[in-house]
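Structure assessment
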Amino acid sequence: MNKNIMIVGVGGQGSLLASKLLGHVAMQAGYDVKVSEVHGMSQRGGSVVTYVKYSDDKVWSPVINEGEADLIISFEMLEAARWVSFLKKEGTIVVNNQEIAPMPVITGAAVYPEKIAEKLKKAGVNLMVVDALSLAEEAGSAKATNVVLMGAVANHMEFPEEMWQNAIAECVPPKFLELNHKAFALGRNQK
Amino acid sequence: MKKLLLGNEAVARGLYEAGVAIVSSYPGTPSTEITEAAAKYPEIYAEWAPNEKVATEVAIGSAIGGKRAFCGMKHVGLNVAADPLFTASYAGVNAGLVIGVADDPGMHSSQNEQDSRHYAIAAKVPMVEPSDSEDACAFTKAAYEISEQFDTPVLLRMSTRISHSQSLVEVGERAELPAKEYVKNPAKYVMMPAFAKAKHVVVEERTAKLTEFAETTELNKIFWNDTKIGVIAAGSTYQYAREVLGDKASYLKLGLVNPLPVQLIRDFAAKVETLYVIEELDDIIETHCRKIGVKVIGKELFPWIGEFSQKLIAEKLFGAKENTFTFPETIPPRPPVLCAGCPHRGLFFVLNQLKVTVSGDIGCYTLGASAPLSAMDTTICMGASVSGLHGFNMARGGDSASKSVAVIGDSTFIHSGITGLINIAYNQGHSTVIILDNSITGMTGHQQNPTTGFTLRGDPTAKVSLEKLCDAVGINRVRVVDPYNLAETRKAIEEELAVEEPSVIISRRPCALLKYVKHKKPLKIVTENCRGCKACLRLGCPAISVVNGKAMIDQTQCVGCGLCADLCKFHAIASEEESK
């Protein structure tokens, strides 16, 4: 059993915490795990991608290439479209419905595509859209968008709830624990 | 116990377990977290040095002084540290010395793609290269054994993919080592010609011994499977190859990448039908194989440029192509940008307006080169903004110095900008240098530096006064501006360009991402006032966009810096209270 999961989004959206949670859960379940992150220049509002791979055998390469992802977790609509070629034909995308205009769109040099979700579905992608920002605000802070998404993603994975709760407790500062538990639960309720 | 660690954290763990006492580094992506993680072990003294040369010399001094020492840097940092490295190779060590260098194939966050293995060859020092976090911890410890056994500094080569990937590491205990005795020994430590000549002989003998060691060390491993295909690889390319070929190939995984073994490679080659050398960047292993008469397939198949992947290797070997999903439209790129509220934005906006030539440098502010700010003409290396501007103005003569500026961050200025400024003052230049003082080393993720007043561990310490420093080197015109104040910033630059003497403008405001920086509430658009003129878009702020002909401010990103409100002639941007 090998699972390849990508977390994509815009620098600053909190994808590192999401990959940390996933890595922790997979490790608790006894799998071999590799997580590959991007730091530095790519963080400053640029397109960011994190790879999480786990296996009951051995994980070799820490990266995921085109056609290899079982699951893509996208923090932003355009980023879901950008990385769709990485998805396996039978894979799933869980996407936050937020739209963030990149600088070439802001300056008018490019156009933000319309109706991305519709077009992805039409291409045959198994797509789940989550209003994670609103749910995060409902939980108490827009910053918990990442944890809401992970709640929604948990429905597509085989790990028991307890492991997720352990991972959240490990990775989140104690004073934000309650907020993040709430955010995770709201994501979990999205079917 | 197994822990999920970043490659860089695993190196720090290796330092801890190897009993390392002293770490001195300069931050640089992708190497920075080694030193940050090392600083979390109370048993290790860790510091940020002003640059990689200083850091390396501190580590050399510590090793001579009898404690195991380390310094970490990115690949281009080793250019700065090359001077001490080459002679430390002659002097050797007392306690172990390891220099960590992180290459950046694919240039995720760098200005070039140099292969630091050349330094190991040129400086005649051993180099180890891990392929995952477990290796990173183990090889770091092994590097100290090699250093002390062979009396040499050892290079530890990381790469972006190894540094920034997490994998499982079996962690162990720390070896608490007593300080080695320091014995005065000028023939070993004073590298003047008479002594250095004798030491060069020792270095060559050492290389011969290390080559023998390379034949048998556990750092180099053979994995026998099917022998139709043989692969020689190191670092991340070993992992990619293993993913593609699995048990269909046998592997010689090199952990010691300098010096390379001879007999081990010949024996491996003799038992496989087709032998590939798969290596990112330059053809170092391949060249070695040819030199010892081993026929391999290497760079005629695999690229010299960029980062490899399992897909690239599969395509080169089998021409495999995946049938994948495609999105039916062009997807706009999403390049990195200056953050909302970034203090550099106001400065670059003014420089763009003034249409001056901007000699740029290395840091977040290199993003000032991107549209719509487009306010940078050159960027070469750390410090070159200041020294390069002097050369540019000398070459162009006339009023060149009144139409050009250098921009350099606080940390970069201390790293190697100050020497360029001394050159301007000393050689009677008229250049205008702007120090972008955001009170932190920003690009690499917020490291303290000598201008911030805090150490790596966050303790208060002596703080370099940029004003006094510039004054002391002979710059009579030093002034400070707030880049959130566009009018004041513009006036200062115009005045300093006009005078016929060198000047320094310190553009001072802390990075908007610093935790202690208090933000104002997000600004809002007064829709009825907005004419859709898009003047606010010229700031290149990621929080501002135009939707249906009217400006819109993203409330999750805006920090209320007010630059856009300042620019808007129609009072269409206001705080929440004002907009009511």
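Residues numbered from 1 in each chain as written. Chains lettered and ligands numbered in written order. Predicted model: local features only at pLDDT ≥ 70, side-chain atom pairs only at ≥ 80, totals over all residues. Heavy atoms only, no water.

For the rest of this paragraph, the subject is the overall build of chain A. A tally of helices and strands in chain A yields eight helices and six strands. Overall, chain A shows an N-to-C arrangement of helices and strands of β-α-β-β-β-α-β-α-α-β-α-α-α-α. Taken over the C-alpha trace, chain A has a radius of gyration of 16 Å; the compact-globule value for 191 residues is 16 Å, and the two agree within 12%. Oriented by its inertia axes, the alpha-carbon framework of chain A measures out at about 45 × 40 × 35 Å. A burial count over chain A gives 62% of its 191 residues as buried. Long-range pairs, those at least 24 residues apart, make up 64% of the contacts in chain A between residues at least 6 apart in sequence. Approximately 7,200 Å² of chain A is accessible, and the part contributed by carbon and sulfur atoms is 50%. (Helix = DSSP H or I, 4+ residues; strand = E, 2+ residues; numbered from the N terminus. Rg over C-alpha atoms; globule rule 2.2 N^0.38 Å. Buried < 20%, exposed > 50% of the residue type's maximum accessible area, 1.4 Å probe, protein only. Contact = heavy atoms within 4.5 Å. Areas by Shrake-Rupley, 256 points an atom, 1.4 Å probe, with all protein chains shown as cover.)

Residue and element names in this part refer to chain B. We note that the domain assignment places domain 1 (2–216), domain 2 (221–318), domain 3 (343–508) and domain 4 (524–579) within chain B. For domain 1 and domain 3, the distance between their C-alpha centres works out to 33 Å. At the interface, 20 residues of domain 1 touch 17 residues of domain 3. Here domain 1 packs against domain 3, burying approximately 1,300 Å² in sum over the two surfaces, 56% of which is carbon and sulfur. Contact with domain 3 buries surface across domain 1, with Y26, W48 and Q111 losing the most and accounting together for 38% of the total. At the junction of domain 1 with domain 3, the criterion picks out zero salt bridges. One can count seven residue pairs in polar contact (both at pLDDT 80 or more) joining domain 1 with domain 3. With four residues, the top contributor of residues to the side of domain 1 that touches domain 3 is strand β3 (residues 45–48). Residues belonging to the side of domain 1 that touches domain 3 are distributed by class as follows: eleven nonpolar, six polar and three charged. (Domains from an automatic or database assignment. Buried area = accessible area lost by both parts, 1.4 Å probe. Salt bridge = Lys/Arg side-chain N within 4 Å of Asp/Glu carboxyl O. Polar contact = N/O pair within 3.5 Å; in protein donor to acceptor, adjacent residues only side chain to side chain. Nonpolar A, V, L, I, M, F, W, Y, C, P; charged D, E, K, R; others polar.)

Taken together, the 54 residues of chain B in the interface contact 64 residues of chain A. A combined buried area of about 4,900 Å² lies between chain B and chain A, and 62% of that area is made up of carbon and sulfur atoms. A per-residue breakdown of the area chain B buries against chain A is headed by B:F325, B:F327 and B:R334, which together make up 20% of the total. Inspection of the region where chain B meets chain A yields five salt bridges. One salt bridge in this structure joins A:K119 and B:E329, with 2.3 Å as the shortest N-O distance. For the pair chain B and chain A, the number of links is 21 residue pairs in polar contact (both at pLDDT 80 or more). Elements supplying a minimum of two residues to the side of chain B that touches chain A: β1 (2–6), β8 (165–170), α10 (236–245), α13 (310–318) and β20 (544–547) of chain B. For the side of chain B that touches chain A, the element with the most residues is α10(B), which contributes five residues.

Turning our attention to the sheet that holds strand β6 (residues 127–128) of chain B. Residues and elements named next belong to chain B. In spatial order, the strands read β3-β2-β4-β5-β7-β6-β12; together these seven strands make up an open sheet with mixed pairing. Looking at the sheet topology across the chains shown, the edges are occupied by β3 and β12 (256–258). On top of the sheet, helix α6 (residues 133–150) reaches β4 (69–74), β5 (97–103), β6, β7 (154–159) and β12; it is set at about 165° to β7, its chief contact. (Pairing = 2+ DSSP bridges. Axes fitted to C-alpha atoms, helices over the stretch in contact; angles between N-to-C directions.)

What follows is about unusual backbone geometry. Residue and element names in this part refer to chain B. Following T29, the chain continues into P30 via a peptide bond in cis, with omega recorded as 10°. Positionally, P30 belongs in the loop between β2 (22–25) and α2 (32–38). Backbone geometry at L281 places phi at a positive 65°, although glycine is not the residue there. With respect to the helices, strands and loops of the structure, L281 is situated in the loop between β13 (274–278) and α12 (284–291). One non-glycine residue, H571, lies in positive phi territory at about 50°.

Burial analysis of strand β2 (residues 32–36) of chain A places five of its five residues in the buried class, which makes it a mostly covered element. Side chains A:D32, A:K34 and A:S36 of β2(A) all project onto a buried face; the interleaved residues A:V33 and A:V35 project onto the opposite face, where all are buried too. With five bridges connecting them, β2(A) and strand β3 (residues 47–55) of chain A associate as antiparallel partners. Bridging from a neighbouring strand, A:S36 pairs with A:Y51 of β3(A). Relative to β8(B), β2(A) runs antiparallel, the two sharing three bridges. Looking at the pairing, A:K34 lines up with B:S167 of β8(B).

Attention shifts here to helix α14 (residues 343–354) of chain B. The buried fraction of α14(B) amounts to ten of the twelve residues, a majority that puts the element mostly inside the structure. Contacts made by the buried residues of α14(B) are with β14 (357–359), β15 (404–409), β16 (432–437), α18 (486–498), β18 (503–508) and α19 (563–567) of chain B.

Attention shifts here to the nonpolar core. If you look at the biggest cluster of nonpolar residues, it comprises 64 residues, and the most contacted ones within it are B:F348, B:L351, B:V407 and B:I493. Each of two domains, domain 3 (343–508) and domain 4 (524–579) of chain B, supplies a minimum of three residues to this core. Contact partners of B:L351, with chain neighbours within four places excluded, come to B:V356, B:V358, B:A375, B:V405, B:V407, B:I434 and B:I493. In this structure, A:V8, B:Y238, B:Y240 and B:A249 belong to the second largest nonpolar core, which totals 47 residues. (Core = buried A, V, L, I, M, F, W, Y, C linked by side-chain atoms within 4.5 Å.)

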